[in-house]
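Each chain, letter by letter, is given below.
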Amino acid sequence: MRKWLRLVIFSGVLASAAPSLTFADAGTSSVMTISMVAARETTFDVYSVAPFTEPVGCSVNSMLRVYASAPNYNVIVSTIITPFSTGKSIKFWVAECDSDGTPIIRAAYVYK
């Protein structure tokens, strides 16, 4: 019971302290083809051939980003490399925008 109560209190504090981390509008982007990838020191950026849509409403619609600190970073990057090298389609789960308006990737889906 105490653990549950701590979780509820922590969730309330987290939601009130960081409203940008709420996932109410989270969802998948439109299907896209990758034109370029850029591995940086702390991020991996993915560029789209054409503008895409995503449910969060980020201002950038030509690029997405995954942070190296993401717990599933290696899996996401591996999933991105396959369609990039083969020309297959991909879409992403987006839950928030970075400070520069770039959508932040939480998951990736590859299509045949």
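Since this is a predicted model, take the numbers as computed values, not measurements.

About the criteria used
Residues numbered from 1 in each chain as written. Predicted model: local features only at pLDDT ≥ 70, side-chain atom pairs only at ≥ 80, totals over all residues. Heavy atoms only, no water. Core = buried A, V, L, I, M, F, W, Y, C linked by side-chain atoms within 4.5 Å. Buried < 20%, exposed > 50% of the residue type's maximum accessible area, 1.4 Å probe, protein only. Helix = DSSP H or I, 4+ residues; strand = E, 2+ residues; numbered from the N terminus. Patch = residues over 30% accessible without salt bridge, like charges linked within 9 Å, V, L, I, M, F, W, Y side chains within 5 Å. Areas by Shrake-Rupley, 256 points an atom, 1.4 Å probe, with all protein chains shown as cover. Salt bridge = Lys/Arg side-chain N within 4 Å of Asp/Glu carboxyl O. Expected span 1.5 Å × (residues − 1). Arc of directions from axis to C-beta. Contact = heavy atoms within 4.5 Å. Disulfide = S-S within 2.5 Å. Pairing = 2+ DSSP bridges.

**Considering the nonpolar core**
Side chains of nonpolar character tend, in soluble globular proteins, to be buried together. Core analysis: the biggest nonpolar cluster contains 17 residues, and Val66, Ile80, Phe92 and Ile105 have the highest contact counts within it. Only strand 3 (43-48), strand 4 (63-67), helix 2 (73-86), strand 5 (89-97) and strand 6 (103-111) provide two or more residues apiece to this core. A total of four residues in this core trace back to one element, the largest contributor, which is helix 2.

**A look at a nonpolar patch on the surface**
Residues Val31, Trp93, Tyr109 and Tyr111 make up a contiguous nonpolar surface patch of roughly 340 Å² in combined accessible area. Here Val31 falls in the partly exposed class, since its relative accessible area comes to 46%.

**Overview of helix 2**
Look at helix 2: 21 Å from first C-alpha to last across 14 residues, which is about the 20 Å you get at 1.5 Å a residue. Turning to helix 2, its buried residues number three or more, namely Tyr73, Ile76, Val77, Ile80 and Pro83. Summarising the axial view, the buried residues of helix 2 lie within an arc of 130°, below the 170-degree limit, and thus occupy one face. Exposed residues lying more than 90 degrees from the buried face of helix 2 are Asn74, Val75 and Ser85. Summarising the contacts, the buried residues of helix 2 are in contact with strand 2 (34-39), strand 3, strand 4, strand 5 and strand 6. After helix 2 finishes, the residue Gly87 shows a positive phi value of roughly 80°.

**Overview of the state of the cysteines**
As enumerated under the stated definition, the model contains one disulfide in all. A sulfur-sulfur separation of 2.0 Å characterises the disulfide bridge that pairs Cys58 with Cys97. In this structure, the disulfide formed by Cys58 and Cys97 twists by about -100° around the S-S bond and is classed as left-handed. Here the residue Cys58 occupies a position in the loop between strand 3 and strand 4, and Cys97 occupies one in strand 5, the gap between them amounting to 39 residues. On the accessibility criterion, Cys58 (10% relative accessible area) is buried.

**Looking at the pairing of strand 4**
Burial within strand 4 is extensive, with four of its five residues counted as buried. Where strand 3 meets strand 4, five bridges bridge the pair, whose relative direction is antiparallel. Among the inter-strand pairings, Thr43 is bridged to a residue of strand 4, identified as Tyr67.

**Points about the environment of Ile34**
Tracing the backbone through its elements, the reader meets Ile34 in strand 2. The class for Ile34 is buried, based on a relative accessible area of 8%. With 16 residues separating them in the primary sequence, Ile34 and Ala50 have C-alpha atoms 8.7 Å apart.

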